[in-house]
Amino acid sequence: MKIGVIGAGRIGGNAARLWVAAGHEVLLSFSRDQARLEADAAKLGERARAGTVAEAAAFGDVVFLSVPWTQVDAALAEAGPLTGKIVIDTTNQFGREGAQSLPDGQTAAEFNQRRMPGARLVKSFNTLTAAFQASEAGRPAEQRVVLFMAGDDAEAKQVVAGLIDDAGFAVADLGGLADAGPMEAPRRAGALYGEEYRPAEAALAVAALRAGQALPATPDYSGHSDEG
Ligand SMILES: NC(=O)c1ccc[n+]([C@@H]2O[C@H](COP(=O)([O-])OP(=O)(O)OC[C@H]3O[C@@H](n4cnc5c(N)ncnc54)[C@H](OP(=O)(O)O)[C@@H]3O)[C@@H](O)[C@H]2O)c1
């Protein structure tokens, strides 16, 4: 599969590395230092190259959006319309003063969907630190680290689930974009964000959330949230 990465920093650079290792092709974009981006792409080998944001958007069967929250509008302006594209939204809504609350009770995923009309947005890769994702990808099945996802497009979620698996993680589907709140920042009691889940516990957690119940207690694997 072809994946256009917009923001090849800690989260995007790591996902690109994991997907190249799994046989996918990536195009890295959105850097203030194009020479560094090209060097990063060269390190990943022949299945990777660097380009502009518009090139990444056009290249990708899937677009991976991994820029700071404050840069989302700028990145989307460079990308152009993403209508019909599957977009994996990894962003957490950290502004200069920490986690932001969004208007009208929207989840950050819903807020971003409105910023890219027609995109098939799936939120994922956002609940655990980049360092943790880098070190823990590819564990054996029952210990696999879970990446939660949420989205309104079932077919897009199926594609993203395959990419989560290819990157060496397990997937747990939280539901639609309006259901994404528990996987969004900040880290807090009663939320999934920042916590390590493994597949069996994640299934129980998703079932509890869907039934409107509190999350069951889980082992404290220590917490690995992105704090902006
Ligand atoms: N880091 C984590 O542990 C983590 C975990 C989960 C989710 N997230 C979320 O994932 C998204 C990406 O986070 P990240 O930690 O991967 O970010 P990052 O390492 O800072 O990467 C951001 C990328 O955007 C590029 N960029 C271009 N213009 C920029 C500008 N004006 N200001 C800042 N960056 C610019 C940077 O390239 P240059 O530096 O080359 O210009 C960099 O490659 C964020 O929304 C974050 O909340 C992060």
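Throughout, residues of each chain are indexed from 1 in the direction in which the sequence is written. Local features in this predicted model are restricted to residues whose pLDDT is 70 or higher, and side-chain atom pairs enter the listing and the counts only when it is 80 or higher, whereas totals over whole chains, interfaces and linings include all residues. As a rule here, side-chain values cover all heavy atoms of the structure and leave hydrogens and water aside.

**Topic: the overall build of the protein chain**
And step 1. Put simply, DSSP marks the helices as runs of H or I at least four residues long and the strands as runs of E at least two long, and each gets a number from the N terminus on. Of the regular secondary structure elements, the protein chain holds eight helices and 10 strands.
And step 2. Taking the principal axes of the C-alpha coordinates as reference, the protein chain spans close to 50 × 40 × 35 Å.
And step 3. Note on classification: 1.4 Å probe, protein chains only; a residue is buried when its accessible area is under 20% of the maximum for its type, exposed when over 50%, partly exposed between these limits. In the protein chain, which comprises 228 residues, the share counted as buried stands at 51%.
And step 4. In this analysis, two residues are considered to be in contact whenever any of their non-hydrogen atoms come within 4.5 Å of each other. The contacts of the protein chain with a sequence gap of at least 6 include a subset with a gap of at least 24, amounting to 68%.
And step 5. Roughly 10,000 Å² of accessible area belongs to the protein chain as shown, and the carbon and sulfur atoms make up 50% of that amount. A 1.4 Å probe and the Shrake-Rupley method give the accessible areas. Residues count as covered only by the protein chains that appear here.

**Notes on helix 8 (residues 199-210)**
And step 1. Every helix has an expected span of 1.5 Å times one less than the residues it contains. Here helix 8 is 12 residues long and its end C-alpha atoms lie 16 Å apart, about the 16 Å a rise of 1.5 Å per residue gives.
And step 2. Tucked inside the fold, the buried residues of helix 8 contact strand 9 (146-151) and strand 10 (170-175).
And step 3. Where helix 8 ends, the next residue or the one after it, Gly 212, has phi of about 75°, a positive value.

**With respect to the pattern of salt bridges**
If charged atoms from side chains of opposite charge come close, those side chains can pair.
And step 1. For salt bridges, the criterion is a side-chain nitrogen of Lys or Arg within 4 Å of an Asp or Glu carboxyl oxygen. Taken as a whole and assessed by the stated rule, the structure comprises 12 salt bridges.
And step 2. Between Arg 139 and Glu 136 there is a salt bridge; the shortest N-O distance is 3.1 Å.
And step 3. The partner of Glu 196 in a salt bridge is Arg 198, with the nearest N and O atoms 2.9 Å apart.
And step 4. Residues joined by salt bridges that share partners form a network here, namely Glu 136, Arg 139, Glu 196 and Arg 198.

**A closer look at the environment of Val 20**
And step 1. Tracing the sequence through the fold places Val 20 in helix 1 (residues 10-21).
And step 2. Between the C-alpha atoms of Val 20 and Glu 195, which are 175 residues apart in sequence, the distance is 27 Å.

**A closer look at the packing of aromatic side chains**
And step 1. In this analysis, rings of Phe, Tyr and Trp, with Trp reduced to its six-membered ring, are considered paired at centre separations within 6.5 Å, and the interplanar angle assigns stacked below 30 degrees, edge-to-face beyond 60, and tilted for intermediate values. A complete count under the given rule lists six aromatic pairs for this structure.
And step 2. Ring geometry for Phe 64 and Phe 125: centres 5.2 Å apart, planes at 85°, overall edge-to-face. Taken together, the residues span a long stretch of sequence, with Phe 64 in strand 4 (residues 62-65) and Phe 125 in the loop between strand 8 (120-123) and helix 6 (130-136) at a distance of 61 residues. For the residue pair Phe 64 and Phe 125, the accessibility class agrees, reading buried in each case.
And step 3. Among the aromatic residues, those joined into a cluster by ring pairs are Trp 19, Phe 64, Phe 125 and Phe 169.
And step 4. Charges are assigned to positions over rings by a cutoff of 6 Å between ring centre and Lys NZ or Arg CZ, combined with an angular limit of 35 degrees from the ring normal. If you follow Arg 115 out to its NZ or CZ, it ends over the ring of Trp 69, 4.7 Å from the centre.

**Details of the environment of Asp 179**
And step 1. With respect to the helices and strands, Asp 179 occurs in the loop between strand 10 and helix 8.
And step 2. In the structure, Asp 179 is positioned 72 residues away from Thr 107 in sequence and 7.8 Å away in space, judged by C-alpha atoms.

**Some details on the pairing of strand 4**
And step 1. The alternating pattern of strand 4 places Val 62 and Phe 64 and Val 63 and Leu 65 on opposite faces, both of which are buried.
And step 2. At least two DSSP bridges between two strands are needed for those strands to be called paired. Inspection of the sheet shows strand 1 (residues 2-6) paired to strand 4 by four bridges, in the parallel sense. What sits directly across from Val 5, in strand 4, is Phe 64.
And step 3. Assessed by its sense of winding, the connection that carries the chain from strand 4 through helix 4 (residues 72-79) to strand 5 (residues 86-89) is right-handed. Handedness of a crossover: with both strands directed away from the viewer, a clockwise path from the first strand across the helix to the second marks it as right-handed.

**Looking at helix 4**
And step 1. For helix 4, the full list of buried residues reads Val 72, Ala 75, Leu 76 and Ala 79. Projected onto a plane normal to the axis of helix 4, the buried residues spread over an arc of 95° and lie on a single side.
And step 2. Contacts made by the buried residues of helix 4 are with strand 1, helix 3 (53-59), strand 4 and helix 5 (108-115). Note that the arc is defined by the directions from the helix axis to the C-beta atoms.

**With respect to the side chain of Arg 139**
And step 1. Here Arg 139 shows up in the loop between helix 6 and strand 9.
And step 2. Engagement of the side chain of Arg 139 in a polar contact is seen with the side chain of Glu 196, the distance being 2.9 Å.
And step 3. Filtering out sequence-adjacent residues up to four positions away, Arg 139 remains in contact with Phe 132, Arg 144, Val 145, Gly 168, Glu 196 and Arg 198. The term polar contact refers here to a pair of N or O atoms within 3.5 Å; inside protein, the definition further demands a hydrogen-donor-capable atom paired with an acceptor-capable atom, and it admits residues adjacent in sequence only when both atoms are side-chain atoms.

**Some points on the UniProt feature "domain: Pyrroline-5-carboxylate reductase catalytic N-terminal" (unreviewed entry) in the protein chain**
And step 1. Sequence positions flagged by UniProt for "domain: Pyrroline-5-carboxylate reductase catalytic N-terminal" (unreviewed entry) are, in local numbering, residues 2-93.
And step 2. Helix makes up 41% of residues 2-93 and strand 23%. Its end C-alpha atoms lie 27 Å apart. UniProt positions are given in the numbering used here, feature names are shortened, and annotations may be inferred rather than shown by experiment.

**A short note on the sheet that holds strand 5**
And step 1. Strands sit in the order 3-2-1-4-5-8-9-10 across an open sheet of eight strands; the sheet is mixed. With one partner strand each, in any of the chains shown, strand 3 (48-50) and strand 10 form the two edges of the open sheet. Across the sheet, the axes of successive neighbouring strands diverge by a mean angle of 25°, strand direction being ignored.
And step 2. Strand direction decides the pairing type here: strand 2 (residues 25-29) and strand 3, joined by three bridges, are parallel. Bridged to Val 26 within strand 3 is Ala 48.
And step 3. Each axis is a line fitted through C-alpha atoms, and for a helix only the stretch in contact is used; angles between axes span 0 to 180 degrees, taken between their N-to-C directions. Set on the sheet, helix 1 makes contact with strand 1, strand 2, strand 3, strand 4 and strand 5; between it and strand 4 the angle comes to about 145°.
And step 4. Docked against the sheet, helix 5 engages strand 5 and strand 8, running at close to 155° with respect to strand 8.

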